[in-house]
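Observations on chain architecture
These are the residues of each chain, in order.
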Amino acid sequence: MQRLILVTSLLLLFINCKQQPAIPTGLVTENAMVVSAREEASRIGSEIMEKGGNAFDAMVATELALAVAYPFAGNLGGGGFMVYRKNTGDIGAIDYREKAPLSAHKDMYLDSLGNVVPDMSTVGATAVGVPGTVAGVMEVHKKFGSLPLSDIMKPVIALAKKGLIVTEKQAKRLESYRERIVSVNGDSTKFANVYKAGDTIKYPALAKTLEKILEKGRDGFYTGEVAKKLATFIQEKGGFVTEEDLTKYEAKWRQPIVFKYKDLSIISMSPPSSGGATINQIFKMVEPYNISEYGHNSVKSVQLFTEASRRAYADRNYFLGDPDFVDIPLGELLSDSYLKERMKNFSFDKATLSSDVSHGEVEIVESSETTHYSIIDSEGNAVSATTTLNGGYGSKLYSDELGFFLNNEMDDFSAKPGIPNMFGLIGAEANSIAPEKRMLSSMTPTIVEKDGKLFLVVGTPGGSTIITAVAQTILNVYEFNLSMQEAVNAPRFHHQWLPDLISFEEEGFSDEIKAELKQKGYKIHEGRNRIIGKVDAIRVLPDGSLEGGADKRGDDTAVGF
């Protein structure tokens, strides 16, 4: 009898331990927080909220500040997605992804023999899609902003004029991209200069462009003087974007994808992002298993997550595209019966081969130089936004007159279905090029509710690894009871169907784990592995305060009050 009482007590203790949330290890603030790729951008967003602005005002400020502080991926010349949750529980999303120009067509990157022209969709003006960032933030401000635009933009303009101190990591990036930037722009361009850590870079031309946007809002960028200069510049360099393309561009409100995982409700981006649909499939395929019992990053956890990812990415690559152009069978792809069938041939005994998993011969290697930021204000409104130029410094084309880099987003289309692009992406028909079409993306800005209350705001850069990095971070907090900062720091792994390889971050996975997976038939990516994502996330603690998770893999910083 005593033994039974002891066992029962231990069991109750274990259950209670499982329910105690992890002690925070990241920055904790009482009221509001911004986590982004640079401290300067996070600080500007946080200060906007301290002055009485809401999360949407902070979004406008942070997004524009990243164009100054983090030109590697922050931008005026690119685009992105934002998912929001208001303190009332209302949710929504905005798509400010770039679009193909009006003159675009399916074969625009093919030569007379039908072969893909090297570099045409990745480097220089021919790679540029119609930028969406300015339209996106102005639309958000119009619908939800509470402060005047001048209060939001003046600190950003001041930052551009005053300049930023170059960090060690930024100096390394600029050095590694310098030759490519010079080859596109010539050696008189701003970024032909060598910048060392500790130097200050000022952006007077960008400050002027931002002043035009402050004066005229969206029209300050998409019509008039800036639009004329931008279109002329792109066309003189051989590109396709015209003044008409810019005038016609509009950001689009969309319904996010919402799904349940145990007692979580996960709100994520809908197509043309593949993020929400793919993460939904992964979670639903993992859900029937008790992953927390297997242990964090154990052989069984890695196996289960890998096999769910393998199947989800196979569907992502074949079926998804711009919903304004293609019919996507989301209902079927996300149904329980379909996903149960997908996992039917999974066994912990051995690997499933990707060649045995349909769909379509489609390989995805998407450029990973994106940036993400997460925001919660003192009223409990939440914003999760991911923005990109596609490649690092986009197409490398820099307008010295306007002060920003332009995207190479056209490369995210299938230049030719069945033929890989520069990143190895073999696209399907659903993502072929068409005028005014938006290209498919992996960006996965996500908000998580627990028991109906705001719980996590999360997202990351990382190209095709974004989806797995976001999913693992959520599982780290929810299933493995890590703090927000621990969940972000934790080593990550990735599988995307093709190539049929598991990539592990350099540190954190033992040789024993890899050997056991190999024995089961898994192929491991050998040699140097890149980092997987730079997650910036916020957790709402039981007492309502906030814990930031700023990724140590970059210069990412949480700021709040």
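These numbers come from a predicted model, not from an experiment. (Residues numbered from 1 in each chain as written. Predicted model: local features only at pLDDT ≥ 70, side-chain atom pairs only at ≥ 80, totals over all residues. Heavy atoms only, no water.)

1. Describing the packing of aromatic side chains
With the rule as written, the count across this model stands at 30 aromatic pairs. Seen in terms of ring centroids, Tyr84 and Phe144 are 4.9 Å apart; in terms of plane orientation they differ by 65 degrees. Their pairing is edge-to-face. Of this pair, Tyr84 sits in strand 3 (residues 79–85) while Phe144 sits in helix 4 (residues 133–144), and the two are 60 residues apart along the sequence. The exposure classification of Tyr84 matches that of Phe144, with both residues buried. Of the aromatic side chains, those joined through ring pairs into one cluster are Tyr70, Phe72, Tyr177, Phe191, Tyr195, Tyr393, Tyr398 and Phe405. Looking at Lys143, its charged tip hangs above the ring of Trp253, at a distance of 4.3 Å from the centre. (Phe/Tyr/Trp six-rings, centres within 6.5 Å; stacked < 30°, edge-to-face > 60°. Helix = DSSP H or I, 4+ residues; strand = E, 2+ residues; numbered from the N terminus. Buried < 20%, exposed > 50% of the residue type's maximum accessible area, 1.4 Å probe, protein only. Lys NZ or Arg CZ within 6 Å of the ring centre and 35° of its normal.)

2. Observations regarding the sheet that holds strand 4 (residues 91–96)
Ordered by their spatial adjacency, 7 strands build an open sheet running 7-4-3-11-10-2-20, and the pairing between neighbours is antiparallel. The open sheet has two free edges, formed respectively by strand 7 (252–254) and strand 20 (557–560), since each of these has just one partner strand. Within the sheet, the average angular offset between the axes of one strand and its neighbour, ignoring direction, is 15 degrees. Contacts between helix 2 (residues 39–50) and the sheet are confined to strand 2 (33–36), strand 10 (370–376) and strand 20, with strand 2 contributing the most and set at about 160 degrees to the helix. Contacts from helix 3 (residues 55–69) reach strand 2, strand 3, strand 4, strand 10 and strand 11 (382–388), with the element oriented near 155 degrees to strand 10. (Pairing = 2+ DSSP bridges. Axes fitted to C-alpha atoms, helices over the stretch in contact; angles between N-to-C directions. Contact = heavy atoms within 4.5 Å.)

3. A word on the sheet that holds strand 1 (residues 28–29)
Strand pairing within a sheet occurs via backbone hydrogen bonds; the two strands may be parallel or antiparallel. With respect to topology, 7 strands assemble into an open sheet ordered 1-19-18-15-14-9-8, the strand pairing being antiparallel. Strands with a single pairing partner mark the edges of an open sheet, and in this sheet they are strand 1 and strand 8 (257–261). Its contacts with the sheet place helix 11 (residues 275–286) against strand 8 and strand 9 (264–268), and it is angled at close to 15 degrees to strand 8.

4. Some words on the pairing of strand 4
Of all 6 residues making up strand 4, 5 are buried, and the element is well covered by its neighbours. Across 6 bridges, the pairing between strand 3 and strand 4 is antiparallel. Bridging across to strand 4, Phe81 finds its partner in Asp95. From the end of strand 3 to the start of strand 4, which pair antiparallel, there are 5 residues, and Gly89 there has a positive phi angle of about 95 degrees.

5. A look at the UniProt feature "binding site: L-glutamate" (unreviewed entry) in the protein
Under the present numbering, the feature "binding site: L-glutamate" (unreviewed entry) in UniProt falls on Arg97, Thr388, Leu389, Asn390, Asp412, Ser441, Ser442 and Gly463. Across 367 residues, the annotated set stays spatially compact, with a maximum C-alpha separation of 14.4 Å. On the secondary structure map, Asn390 appears in the loop between strand 11 and strand 12 (398–399). Separated by 3.0 Å, the side chain of Asn390 and the backbone oxygen of Asn408 make a polar contact. Within the structure, Asp412 has its side chain in polar contact with the side chain of Arg97 (distance 2.8 Å). (UniProt positions renumbered as here; feature names shortened; annotations may be inferred. Polar contact = N/O pair within 3.5 Å; in protein donor to acceptor, adjacent residues only side chain to side chain.)

6. Here's the deal with the pattern of salt bridges
Close approach of charged atoms allows side chains of opposite charge to pair. Per the counting criterion, the structure on display carries 32 salt bridges. Lys248 serves as the salt-bridge partner of Glu436, at 3.4 Å between the closest nitrogen and oxygen. Here Glu436, found in the loop between strand 13 (404–405) and strand 14 (446–450), pairs with Lys248, found in helix 10 (residues 243–248); they are 188 residues apart in sequence, far enough to count as distant. We classify Lys248 as partly exposed; its relative accessible area is 40%. Residue Glu341 pairs with Lys344 through a salt bridge whose shortest N-O separation is 3.6 Å. Overall, the relative accessible area of 47% leaves Glu341 in the partly exposed class. Residues participating in the shared-partner salt-bridge network are Asp95, Lys252, Arg254, Asp322, Asp324 and Arg438. (Salt bridge = Lys/Arg side-chain N within 4 Å of Asp/Glu carboxyl O.)

7. Let's talk about the environment of Ser368
In this structure, Ser368 sits in the loop between helix 15 (336–342) and strand 10. Setting aside residues no more than four positions away along its own chain, Ser368 makes contact with Pro461, Gly462, Gly463 and Arg530.

8. Section: the domain arrangement of the protein
Parsing the protein into structural domains produces domain 1 (40–84 + 93–252 + 399–410) and domain 2 (254–366 + 444–560). One C-alpha centre belongs to domain 1, the other to domain 2, and the line joining them spans 29 Å. Every contact between the two is made by 16 residues of domain 1 and, on the other side, 18 residues of domain 2. Interface area for domain 1 against domain 2, summed over the two sides, is near 1,400 Å², with a carbon-plus-sulfur share of 57%. If you sort the residues of domain 1 by the area they bury against domain 2, Phe81, Val83 and Lys169 come out on top, with a joint share of 39%. Residue Asp95 pairs with Arg254 through a salt bridge whose shortest N-O separation is 2.9 Å. (Domains from an automatic or database assignment. Buried area = accessible area lost by both parts, 1.4 Å probe.)

9. Section: unusual backbone geometry
Of note, the bond from Pro271 into Pro272 is cis; its omega dihedral lies within 30 degrees of zero at 15 degrees. Assignment of secondary structure puts Pro272 in the loop between strand 9 and helix 11. That bond from Leu498 to Pro499 is cis: its omega, -5 degrees, falls within 30 degrees of zero. Examined against the element boundaries, Pro499 turns out to sit in the loop between strand 16 (493–494) and strand 17 (503–504). Phi at Asn481 takes a positive value of approximately 55 degrees, unusual for a residue other than glycine. As for its position among the elements, Asn481 is in the loop between helix 16 (466–478) and helix 17 (484–489). The phi torsion at Trp497 lies on the positive side, around 80 degrees, for a residue other than glycine. The exposure class assigned to Trp497 is buried, which follows from its relative accessible area of 2%.

10. Focus: the nonpolar core
Of all hydrophobic cores here, the largest spans 85 residues; its most connected members are Tyr261 and Phe283. Each of domain 1 (40–84 + 93–252 + 399–410) and domain 2 (254–366 + 444–560) contributes no fewer than three residues to this core. Setting aside residues up to four positions removed in sequence, Phe283 forms contacts with Phe259, Tyr261, Ile266, Ala471, Ile474 and Leu475. Of all hydrophobic cores here, the second largest spans 83 residues; its members include Ile48, Ala55, Val140 and Ile375. (Core = buried A, V, L, I, M, F, W, Y, C linked by side-chain atoms within 4.5 Å.)

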